[in-house]
Amino acid sequence: MMDVGRHPRIKLLAYSEIEHVSGFIGNFNVKVRKKARYVDENDCTACGDCVVDCPVIVPDEYQQGLSSRKAIYIQLPQAVPSAYLIDMDHCLGNNPIACGKCQEACEKKCINFDMEDEILELEVGTIIVATGNEVYDPTELDEFGYRSFENVITSMEFERLICAGGPTEGHFVRPTDHQRPIRIGFIQCVGSRSDNRGNPYCSNICCMNTIKDTLLLNDHYPDTESKVFYIDIRAFGKGFEDMFKRSKEAGVKYIRGIPGDVWEDPVTKNIFLAVEDTTSGKVEVHELDLVVLSVGLEPRKDMKHLQQLLTLSSTADGFLLESHPKLKPVDAPTRGIFYAGCVEAPKDVKESVTQASAAAARASIILNAGKVQIEAITAQINTDECNYCGLCAKVCPYHAITAADRKLGIYPEVIQAACAGCGTCGAECPTDAITMRHFTDFQIMAQVDSILDKDNMDKVVAFACNWCSYAGGDLCGTSRLQYPTNVRLIRTMCSGRVDEKFVIHAFKKGAPLVLVSGCHFADCHYINAVTWTQKRVEKLWNKLERLGIRPERLQLEWISAAEGQKFARVMRELEEMRKKVTPEEVAETIKILEREEAKALEKKAGKAKKAEEALQTA
């Protein structure tokens, strides 16, 4: 970080936050609030005289609350810039000045209580998101006794206690009596791999972090007795298995089982664990001086705000969704934005550095190119058909369509560099003024015609999202999973592209069953386009019921790219539903829809005639 601070071509804005982002790839406008430090970072020499006189003492967040800090402080020893700042939430010298002792102690007069936040506007070509993650708080898992027993700590607190720059200056002691613990237990997967409390995913780093900690203890204190309680050890990286073996050779005991009961000796403050060793099938009780909870990683609490700022997608676990998990692992769905580190998924230092290097390379390619190539699947607006309703701009997940203004005669316009081609705008446009290149209405309806041209009663028409349900079908095929071949898939970039008229057209052509399939809500490749799919299908269900057509003949399913088995199951269920649809029911449906079409045409002709008469009168 010191090298970053000194680099002549890097502008470091510490103690700042992004307030607004607009624009598109190669042309982002970023509004940054640089918070007031109330200390001039250029003049401050970090002498510390101000800290001595500050009377306010609060817990130190960097030291996990194991020590304290003053209201004027440096956030961490390696902070850049190396200058103090004032925590105004705890300072006594703000409006009016009731203290001001730090200001009096500063010989260089660096402290200024009249400082205000600065608003900076930056023009940037690309953005790299590397906001990191947070650590799971195990307080809710009361069975482990965290916050009930002082000698139960988290892995983060362990790191601070054993660190030379920690609150005990590297002297490893337990919180109750400040004596060095001899018998130490590590409980794995705290807050991870749990569907009830905590998070359902593996946090990736916890196993190897504990193995590293046991070796560290053995190097510093060879007489330490370490025990690790685990579900299974995941040591899959380069050299990790050797590290695991070294830990066992050093005398660390690995017990396969998670403690079910934890209690404390009121006199010695030792911790007792009752655990079933699943390898032997016996319930054992272990007395320990200290217990370390190996807590997992989870997304930042402000992730939703970040998603809204940058128009990003997230996965079901709350981390950010990449453009393609294999081909574009560092690209965001919004072009020109890249990921690095744990913002995309839990990962260790090596993986974070690798991804950061890849993100920097991807960003530099765009910046050096001068021009950006876009895929020819974007939307186009026919202004002759547009009625200025503005619905397209409202539904666009990427804000790639400018607002219309009827009074000024300004039509909506598609920013081609920002458009991702999901097609939601085209499906929602009431006047069919929007054309999706390579996924036009004519092309999709021609596929419907071809599918139902022969043996229509044996076919199911399925509209499948390119990124999830269609990919799920591919996985189903490559996995050799069996399912009926009656379903005919029509690929769309997003389920949001499926227009109401596509479904109606399929029923008019004699389809016994129609499926609309897309991503799960939390996995939508196009931010929130899938929500418009849900609304549109629900509206269609109501319309079909009103017309006397069974709504069950229109199915809606969410299938991810990894759910090949679910794809096969859904196809089998659809086949069973198709068999229950009779030719008489299909024929009646066609008659109903033809009558509705005739009424609509008659109504449209009547409106046109009235308009013509009004024009002649004028």
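Our structure is the block above this text.
Please read these numbers as outputs of a predicted model, since none were measured by experiment.

Student: Could you give me a rundown of the overall build of the protein, with the residues and numbers involved?
Tutor: What the protein contains, in helices and strands, is 16 helices and 25 strands. Viewed in the frame of its principal axes, the protein has a C-alpha envelope of about 90 × 70 × 45 Å. Looking at the protein residue by residue over its 618 residues, the buried ones come to 46%. Across the protein, the fraction of contacts at a sequence separation of at least 24, relative to all contacts at a separation of at least 6, is 68%.

Student: Describe in detail the pairing of strand β16 (residues 282-288), supporting the description with residues and values.
Tutor: For a regular strand, the rule is simple: side chains alternate between the two faces of the sheet. Pairing of strand β15 (residues 271-277) with β16, which is carried by seven bridges, proceeds in the antiparallel orientation. Looking across to β16, one finds that D277 is bridged to K282. Hairpin remark: β15 followed by β16, antiparallel, with four residues in the connecting loop; positive phi at G281, about 75 degrees.

Student: How would you summarise the environment of S68 if you had to cite specific residues and measurements?
Tutor: Position of S68 among the secondary structure elements: in strand β4 (residues 68-70). Placed 192 residues apart in sequence, S68 and G260 show a C-alpha to C-alpha distance of 34 Å.

Student: Go over empty space enclosed by the protein with me, naming the residues and quoting the values.
Tutor: Scanning the entire structure with this criterion turns up five cavities of 30 Å³ or more. Approximately 90 Å³ is the volume found for the largest cavity. Every residue lining the largest cavity is counted, 15 residues in all, and those nearest its centre are C386, C389, C392, P412 and C429. Classifying every residue of the lining of the largest cavity gives twelve nonpolar, three polar and no charged.

Student: Could you give me a rundown of the packing of aromatic side chains, with the residues and numbers involved?
Tutor: One pass over the structure, following the stated rule, counts eleven aromatic pairs. A centroid spacing of 5.6 Å and a plane angle of 75 degrees characterise the contact between Y201 and F319, whose relative ring orientation is edge-to-face. Of the two residues, Y201 is situated in the loop between β11 (183-190) and α5 (206-220) and F319 in the loop between α7 (303-310) and β19 (337-339); the sequence distance between them amounts to 118 residues. Look at Y201 and you get buried, because its relative accessible area is 12%. Judged by its relative accessible area of 0%, F319 is buried.

Student: Help me get a handle on the layout of surface pockets, residues and values and all.
Tutor: Gaps left between atoms show up when a probe the size of a water molecule is rolled over them. Its boundaries defined by the atoms lining it, the second largest pocket holds a volume of some 1000 Å³. In terms of lining residues, the second largest pocket is bounded by 27 residues, among which P430, D432, E500, K501 and K543 are the most central. Contributing elements (two or more residues each) for the lining of the second largest pocket: α10 (424-428), α13 (500-508), α14 (529-547) and α16 (583-617). Here the lining of the second largest pocket gets eight residues from one element, more than from any other, and that element is α16. Split into classes, the residues belonging to the lining of the second largest pocket amount to ten nonpolar, two polar and 15 charged.

Student: Tell me about the environment of T126, and name the residues and values.
Tutor: With respect to the secondary-structure elements, T126 resides in the loop between β7 (118-124) and β8 (127-129). Classification of T126 by relative accessible area gives buried; the value is 15%. Placed 236 residues apart in sequence, T126 and R362 show a C-alpha to C-alpha distance of 9.4 Å. Ignoring anything within four residues of it in the chain, the contact list for T126 reads F28, G336, F338, A363, I366 and L367.

Student: Please give an account of the sheet that holds strand β2 (residues 27-34) that cites residues and values.
Tutor: In space, the three strands of this open sheet follow the order β1-β2-β7, with antiparallel pairing throughout. A single partner strand is all that each edge strand has here, and the edge strands are β1 (16-24) and β7. In this sheet, neighbouring strand axes are inclined to one another by 20 degrees on average, regardless of whether the strands run parallel or antiparallel. Here β2 pairs with β7 via seven bridges, running antiparallel.

Student: Which residues make up the pairing of β11, and what are the values?
Tutor: Among the eight residues that make up β11, seven are buried, leaving the element largely enclosed by the rest of the structure. Taken together, the five bridges between β11 and strand β12 (residues 225-230) define a ladder with parallel strand orientation. From the neighbouring strand, I187 faces β12, where its bridge partner is F229. On the question of chirality, the crossover connecting β11 to the parallel β12 by way of α5 is right-handed. For β11 and strand β17 (residues 290-295), the ladder comprises five bridges, and the chain directions are parallel. Looking at the pairing, I184 lines up with L290 of β17.

Cut-offs applied
- Residues numbered from 1 in each chain as written.
- Predicted model: local features only at pLDDT ≥ 70, side-chain atom pairs only at ≥ 80, totals over all residues.
- Heavy atoms only, no water.
- Helix = DSSP H or I, 4+ residues; strand = E, 2+ residues; numbered from the N terminus.
- Buried < 20%, exposed > 50% of the residue type's maximum accessible area, 1.4 Å probe, protein only.
- Contact = heavy atoms within 4.5 Å.
- Pairing = 2+ DSSP bridges.
- 1 Å grid on protein atoms, 1.4 Å probe; cavity = no way out; pocket = protein on both sides within 12 Å on 5 of 7 lines; lining within 4 Å.
- Points joined across faces, edges and corners; volume = space filled by probe spheres on them.
- Nonpolar A, V, L, I, M, F, W, Y, C, P; charged D, E, K, R; others polar.
- Phe/Tyr/Trp six-rings, centres within 6.5 Å; stacked < 30°, edge-to-face > 60°.
- Axes fitted to C-alpha atoms, helices over the stretch in contact; angles between N-to-C directions.
- Right-handed = clockwise from strand over helix to strand, strands pointing away.

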